[in-house]
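Examination of the molecular architecture
Here's the letter readout for the chains.
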Amino acid sequence: MLASLLQPQWPHRTWRTARRWAVAWWRIFYLGAVVLVMLMSPSSYGPQTRARLMRRMYVDTAPILLGFTALAALLCLVVARIVFVTATSYGLSRVAVEMVIRVLVLELIPLTAALFVAMRCSIPAGASLAKMREDGHFERLRQHGYDPVRTEMLPLVVASMYASITLAALSCVVSLVMVYFSVYGLSWVGFDLYTRMFASVFTPMVTWLFGLKTVLFGLAVALIRNETLGPASDLSGLARMFAVLLLIEVGSLLGNYY
(Lines give C-alpha, C1' and ligand atoms only; values in the text may rest on other atoms or scores of the structure.)
Protein backbone atom coordinates (compact mmCIF):
# COMPACT_ATOMS: atom_id res chain seq x y z
CA MET A 1 0.00 0.00 0.00
CA LEU A 2 2.85 2.39 0.81
CA ALA A 3 4.48 1.65 -2.54
CA SER A 4 1.24 2.40 -4.34
CA LEU A 5 1.04 5.78 -2.57
CA LEU A 6 4.62 6.74 -3.40
CA GLN A 7 4.67 5.56 -7.00
CA PRO A 8 2.57 8.42 -8.53
CA GLN A 9 4.94 11.01 -6.99
CA TRP A 10 7.93 9.94 -9.10
CA PRO A 11 6.66 11.16 -12.50
CA HIS A 12 5.59 14.46 -10.97
CA ARG A 13 8.93 14.90 -9.19
CA THR A 14 10.89 14.01 -12.32
CA TRP A 15 8.87 16.45 -14.42
CA ARG A 16 9.31 19.21 -11.84
CA THR A 17 13.08 18.66 -11.71
CA ALA A 18 13.39 18.62 -15.51
CA ARG A 19 11.32 21.78 -15.80
CA ARG A 20 13.39 23.58 -13.17
CA TRP A 21 16.59 22.46 -14.93
CA ALA A 22 15.34 23.65 -18.32
CA VAL A 23 14.18 27.01 -16.94
CA ALA A 24 17.53 27.58 -15.22
CA TRP A 25 19.54 26.87 -18.37
CA TRP A 26 17.19 28.92 -20.53
CA ARG A 27 17.62 31.84 -18.12
CA ILE A 28 21.41 31.54 -18.40
CA PHE A 29 21.34 31.46 -22.20
CA TYR A 30 18.91 34.35 -22.38
CA LEU A 31 20.90 36.42 -19.91
CA GLY A 32 24.10 35.63 -21.79
CA ALA A 33 22.58 36.79 -25.07
CA VAL A 34 21.31 40.02 -23.51
CA VAL A 35 24.65 40.78 -21.86
CA LEU A 36 26.60 40.05 -25.06
CA VAL A 37 24.38 42.44 -27.00
CA MET A 38 24.90 45.10 -24.36
CA LEU A 39 28.66 44.50 -24.37
CA MET A 40 28.78 45.23 -28.09
CA SER A 41 26.43 48.23 -27.89
CA PRO A 42 28.12 51.67 -27.62
CA SER A 43 25.11 53.00 -25.73
CA SER A 44 26.01 50.77 -22.78
CA TYR A 45 29.14 52.80 -22.06
CA GLY A 46 27.74 56.15 -21.05
CA PRO A 47 29.50 58.35 -18.48
CA GLN A 48 27.65 56.88 -15.50
CA THR A 49 28.08 53.28 -16.67
CA ARG A 50 31.77 53.79 -17.43
CA ALA A 51 32.41 55.11 -13.93
CA ARG A 52 30.64 52.15 -12.32
CA LEU A 53 32.38 49.77 -14.70
CA MET A 54 35.88 51.05 -13.97
CA ARG A 55 35.26 51.05 -10.24
CA ARG A 56 33.89 47.49 -10.31
CA MET A 57 36.78 46.23 -12.41
CA TYR A 58 39.24 47.67 -9.91
CA VAL A 59 37.36 46.33 -6.87
CA ASP A 60 37.08 42.80 -8.29
CA THR A 61 40.65 42.56 -9.60
CA ALA A 62 43.10 44.62 -7.56
CA PRO A 63 42.57 43.03 -4.09
CA ILE A 64 43.10 39.46 -5.35
CA LEU A 65 45.66 40.01 -8.10
CA LEU A 66 48.84 39.90 -6.03
CA GLY A 67 47.74 37.06 -3.75
CA PHE A 68 46.57 34.78 -6.54
CA THR A 69 49.67 35.47 -8.64
CA ALA A 70 51.95 34.65 -5.73
CA LEU A 71 49.97 31.47 -5.00
CA ALA A 72 50.14 30.40 -8.66
CA ALA A 73 53.88 31.11 -8.76
CA LEU A 74 54.52 29.06 -5.63
CA LEU A 75 52.37 26.20 -6.90
CA CYS A 76 54.16 26.14 -10.25
CA LEU A 77 57.56 26.32 -8.59
CA VAL A 78 56.83 23.33 -6.35
CA VAL A 79 55.04 21.22 -8.97
CA ALA A 80 57.65 21.93 -11.64
CA ARG A 81 60.46 20.91 -9.32
CA ILE A 82 58.70 17.69 -8.31
CA VAL A 83 57.91 16.75 -11.91
CA PHE A 84 61.41 17.57 -13.13
CA VAL A 85 63.17 15.58 -10.39
CA THR A 86 60.83 12.60 -10.90
CA ALA A 87 61.22 12.69 -14.69
CA THR A 88 65.02 12.94 -14.38
CA SER A 89 65.13 9.84 -12.23
CA TYR A 90 63.39 7.93 -15.04
CA GLY A 91 65.50 9.49 -17.79
CA LEU A 92 62.67 11.67 -19.12
CA SER A 93 64.08 15.10 -18.32
CA ARG A 94 63.76 16.26 -21.94
CA VAL A 95 59.97 16.03 -21.83
CA ALA A 96 59.49 17.15 -18.22
CA VAL A 97 59.54 20.89 -18.93
CA GLU A 98 57.14 20.60 -21.85
CA MET A 99 54.78 18.50 -19.74
CA VAL A 100 54.80 21.10 -16.96
CA ILE A 101 54.07 23.89 -19.44
CA ARG A 102 51.20 21.97 -21.00
CA VAL A 103 49.60 20.82 -17.75
CA LEU A 104 50.12 23.85 -15.53
CA VAL A 105 50.27 26.89 -17.77
CA LEU A 106 48.02 25.72 -20.58
CA GLU A 107 45.33 23.91 -18.60
CA LEU A 108 45.34 24.34 -14.82
CA ILE A 109 46.13 28.04 -14.36
CA PRO A 110 43.19 29.41 -16.44
CA LEU A 111 40.76 26.98 -14.79
CA THR A 112 42.05 27.84 -11.30
CA ALA A 113 41.82 31.55 -12.04
CA ALA A 114 38.21 31.19 -13.20
CA LEU A 115 37.23 29.21 -10.09
CA PHE A 116 39.01 31.71 -7.84
CA VAL A 117 37.16 34.64 -9.42
CA ALA A 118 33.87 32.74 -9.16
CA MET A 119 34.28 32.12 -5.44
CA ARG A 120 35.74 35.55 -4.67
CA CYS A 121 33.66 37.82 -6.93
CA SER A 122 30.93 36.29 -9.08
CA ILE A 123 28.95 34.29 -6.54
CA PRO A 124 28.92 37.06 -3.89
CA ALA A 125 27.93 39.54 -6.61
CA GLY A 126 25.09 37.24 -7.67
CA ALA A 127 23.81 37.10 -4.09
CA SER A 128 24.03 40.89 -3.94
CA LEU A 129 21.98 41.20 -7.13
CA ALA A 130 19.36 38.84 -5.73
CA LYS A 131 19.15 40.91 -2.56
CA MET A 132 18.71 44.09 -4.63
CA ARG A 133 15.89 42.53 -6.58
CA GLU A 134 14.13 41.32 -3.43
CA ASP A 135 14.45 44.77 -1.85
CA GLY A 136 12.79 46.39 -4.88
CA HIS A 137 15.90 48.17 -6.11
CA PHE A 138 15.40 46.94 -9.68
CA GLU A 139 11.83 48.19 -9.74
CA ARG A 140 12.90 51.61 -8.48
CA LEU A 141 15.50 51.79 -11.25
CA ARG A 142 12.83 51.00 -13.84
CA GLN A 143 10.58 53.71 -12.43
CA HIS A 144 13.39 56.24 -12.91
CA GLY A 145 14.01 55.11 -16.48
CA TYR A 146 17.09 52.94 -15.92
CA ASP A 147 17.64 49.39 -17.12
CA PRO A 148 18.64 47.20 -14.14
CA VAL A 149 20.59 44.79 -16.34
CA ARG A 150 22.63 47.57 -17.90
CA THR A 151 23.03 49.56 -14.69
CA GLU A 152 23.72 46.84 -12.12
CA MET A 153 24.43 43.53 -13.87
CA LEU A 154 26.58 44.60 -16.81
CA PRO A 155 29.38 46.13 -14.65
CA LEU A 156 29.51 42.96 -12.55
CA VAL A 157 29.70 40.70 -15.59
CA VAL A 158 32.42 42.77 -17.26
CA ALA A 159 34.37 43.03 -14.00
CA SER A 160 34.26 39.25 -13.45
CA MET A 161 35.40 38.59 -17.01
CA TYR A 162 38.19 41.14 -16.68
CA ALA A 163 39.35 39.69 -13.35
CA SER A 164 39.38 36.13 -14.68
CA ILE A 165 41.30 37.03 -17.85
CA THR A 166 43.76 39.27 -16.00
CA LEU A 167 44.51 36.70 -13.31
CA ALA A 168 44.97 33.94 -15.88
CA ALA A 169 47.22 36.00 -18.16
CA LEU A 170 49.46 37.39 -15.43
CA SER A 171 49.67 34.09 -13.57
CA CYS A 172 50.64 32.24 -16.75
CA VAL A 173 53.49 34.67 -17.41
CA VAL A 174 54.73 34.43 -13.82
CA SER A 175 54.37 30.65 -13.89
CA LEU A 176 56.49 30.39 -17.04
CA VAL A 177 59.23 32.35 -15.27
CA MET A 178 58.97 30.14 -12.18
CA VAL A 179 59.16 26.98 -14.26
CA TYR A 180 62.36 28.24 -15.87
CA PHE A 181 63.92 29.11 -12.50
CA SER A 182 62.94 25.76 -11.00
CA VAL A 183 64.67 23.89 -13.84
CA TYR A 184 67.64 26.07 -14.82
CA GLY A 185 68.06 28.30 -11.79
CA LEU A 186 69.46 31.83 -12.04
CA SER A 187 71.25 31.16 -15.31
CA TRP A 188 70.75 31.95 -18.99
CA VAL A 189 72.08 28.57 -20.08
CA GLY A 190 68.69 27.11 -20.92
CA PHE A 191 67.02 30.23 -22.26
CA ASP A 192 67.29 29.31 -25.95
CA LEU A 193 66.07 25.76 -25.38
CA TYR A 194 63.25 26.97 -23.13
CA THR A 195 62.00 29.56 -25.61
CA ARG A 196 62.06 27.01 -28.46
CA MET A 197 60.12 24.57 -26.30
CA PHE A 198 57.64 27.29 -25.40
CA ALA A 199 57.17 28.10 -29.10
CA SER A 200 56.64 24.43 -29.92
CA VAL A 201 53.89 24.21 -27.28
CA PHE A 202 52.15 27.52 -27.99
CA THR A 203 51.54 27.11 -31.69
CA PRO A 204 49.13 29.61 -33.33
CA MET A 205 46.19 27.20 -33.02
CA VAL A 206 46.98 26.34 -29.38
CA THR A 207 47.39 30.03 -28.55
CA TRP A 208 44.07 30.85 -30.18
CA LEU A 209 42.31 28.06 -28.27
CA PHE A 210 44.00 29.15 -25.05
CA GLY A 211 42.74 32.72 -25.45
CA LEU A 212 39.24 31.56 -26.41
CA LYS A 213 39.11 29.19 -23.44
CA THR A 214 40.19 31.93 -21.04
CA VAL A 215 37.51 34.30 -22.36
CA LEU A 216 34.83 31.57 -22.16
CA PHE A 217 35.90 30.74 -18.60
CA GLY A 218 35.51 34.39 -17.63
CA LEU A 219 32.13 34.63 -19.36
CA ALA A 220 30.91 31.44 -17.68
CA VAL A 221 31.81 32.47 -14.13
CA ALA A 222 30.41 35.96 -14.80
CA LEU A 223 27.02 34.82 -16.08
CA ILE A 224 26.31 31.63 -14.14
CA ARG A 225 25.61 33.28 -10.84
CA ASN A 226 22.96 32.55 -8.23
CA GLU A 227 19.82 34.55 -8.86
CA THR A 228 17.93 33.40 -5.80
CA LEU A 229 19.15 33.13 -2.24
CA GLY A 230 19.23 29.91 -0.32
CA PRO A 231 21.39 26.80 0.02
CA ALA A 232 19.56 24.84 -2.71
CA SER A 233 20.02 27.54 -5.31
CA ASP A 234 23.66 27.95 -4.29
CA LEU A 235 24.35 24.25 -4.92
CA SER A 236 22.48 24.21 -8.22
CA GLY A 237 24.27 27.35 -9.39
CA LEU A 238 27.66 25.88 -8.50
CA ALA A 239 26.78 22.61 -10.25
CA ARG A 240 25.82 24.45 -13.44
CA MET A 241 28.99 26.55 -13.31
CA PHE A 242 31.23 23.49 -12.82
CA ALA A 243 29.43 21.68 -15.66
CA VAL A 244 30.01 24.56 -18.08
CA LEU A 245 33.67 24.94 -17.06
CA LEU A 246 34.18 21.21 -17.51
CA LEU A 247 32.61 21.29 -20.98
CA ILE A 248 34.85 24.21 -21.98
CA GLU A 249 37.93 22.40 -20.69
CA VAL A 250 36.99 19.19 -22.50
CA GLY A 251 36.46 21.15 -25.72
CA SER A 252 39.87 22.76 -25.27
CA LEU A 253 41.55 19.38 -24.73
CA LEU A 254 39.90 17.98 -27.82
CA GLY A 255 41.04 20.97 -29.87
CA ASN A 256 44.63 20.78 -28.56
CA TYR A 257 45.29 17.05 -28.69
CA TYR A 258 42.93 15.55 -31.32
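Residues numbered from 1 in each chain as written. Predicted model: local features only at pLDDT ≥ 70, side-chain atom pairs only at ≥ 80, totals over all residues. Heavy atoms only, no water.

Further remarks concern the overall build of the chain. Check the secondary structure of the chain and you find nine helices and zero strands. The order of α-helices and β-strands along the chain, N terminus first, is α-α-α-α-α-α-α-α-α. In terms of overall dimensions, the chain has a C-alpha envelope of 65 × 65 × 30 Å along the principal axes. Scored against the burial criterion, the 258 residues of the chain give a buried share of 40%. In the chain, the proportion of contacts linking residues at least 24 apart, taken out of those at least 6 apart, comes to 80%. In the structure as shown, the chain presents an accessible area of about 14,900 Å², 72% of it carried by carbon and sulfur atoms. With 22 positive and 12 negative side-chain charges, the chain shows a spacing of 2 Å between the two charge centroids. (Helix = DSSP H or I, 4+ residues; strand = E, 2+ residues; numbered from the N terminus. Buried < 20%, exposed > 50% of the residue type's maximum accessible area, 1.4 Å probe, protein only. Contact = heavy atoms within 4.5 Å. Areas by Shrake-Rupley, 256 points an atom, 1.4 Å probe, with all protein chains shown as cover. Lys, Arg positive; Asp, Glu negative; His and termini not counted. Charge placed at Lys NZ, Arg CZ, Asp CG, Glu CD.)

Moving on, we get to a positive patch on the surface. Together, Arg 13, Arg 16, Arg 19 and Arg 20 line one region of the surface with positive charge. Mapped onto the elements of the fold, Arg 16 is located in helix α2 (residues 9–39). (Patch = residues over 30% accessible without salt bridge, like charges linked within 9 Å, V, L, I, M, F, W, Y side chains within 5 Å. Salt bridge = Lys/Arg side-chain N within 4 Å of Asp/Glu carboxyl O.)

As a further point, take helix α4 (residues 93–134). Look at α4: 58 Å from first C-alpha to last across 42 residues, which is about the 62 Å you get at 1.5 Å a residue. Most pronounced at Ala 118, the bend in α4 amounts to some 45°. Gly 136 occupies a position one or two residues after α4 and carries a positive phi of about 85°. (Expected span 1.5 Å × (residues − 1). Bend = angle between axes of the 7 residues up to and from the residue.)

For the rest of this paragraph, the subject is the confidence of the model for the chain. Summarising the model, the chain shows a mean pLDDT of 81, and 92% of its residues fall at 70 or more. Across the chain, the element-wise mean pLDDT spans from 48 in helix α1 (residues 2–6) up to 89 in helix α8 (residues 204–223). (pLDDT = per-residue confidence, 0-100.)

With that out of the way, let us pick up the packing of aromatic side chains. The tally for this structure, following the rule as stated, stands at nine aromatic pairs. Aromatic rings pair up to connect Tyr 180, Phe 181, Tyr 184 and Tyr 194 into one cluster. (Phe/Tyr/Trp six-rings, centres within 6.5 Å; stacked < 30°, edge-to-face > 60°.)

What follows covers the nonpolar core. Counting residues in hydrophobic clusters, the biggest one holds 24 residues, and the most contacted among them are Val 97, Ile 101, Val 179, Tyr 194 and Phe 202. Breaking this core down by element, the ones donating at least two residues are α3 (47–89), α4, α6 (148–184), α7 (191–201) and α8. The element that contributes the greatest number of residues to this core is α4, accounting for eight residues. The residues touching Val 97, leaving out its near neighbours within four places in the chain, are Phe 84, Val 179, Val 183, Tyr 194 and Met 197. Counting residues in hydrophobic clusters, the runner-up holds 19 residues, among them Leu 53, Leu 129, Met 153 and Leu 156. (Core = buried A, V, L, I, M, F, W, Y, C linked by side-chain atoms within 4.5 Å.)

In the contact formed by α6 and α7, the axes pass within 11 Å of each other and the chain directions differ by 135°. As far as their axial angle goes, α7 and α6 are oblique. With respect to the hand of their crossing, α6 and α7 are arranged in right-handed fashion. Of the residues in α7, those in contact with Leu 176, Val 179, Tyr 180 and Tyr 184 of α6 are Phe 191, Leu 193, Tyr 194 and Phe 198. The class makeup of the residues in the contact of α6 with α7 is eight nonpolar, no polar and no charged. (Axes fitted to C-alpha atoms, helices over the stretch in contact; angles between N-to-C directions. Parallel < 35°, antiparallel > 145°, perpendicular 65-115°, else oblique. Left-handed = near helix turned anticlockwise from the far one by under 90°. Nonpolar A, V, L, I, M, F, W, Y, C, P; charged D, E, K, R; others polar.)

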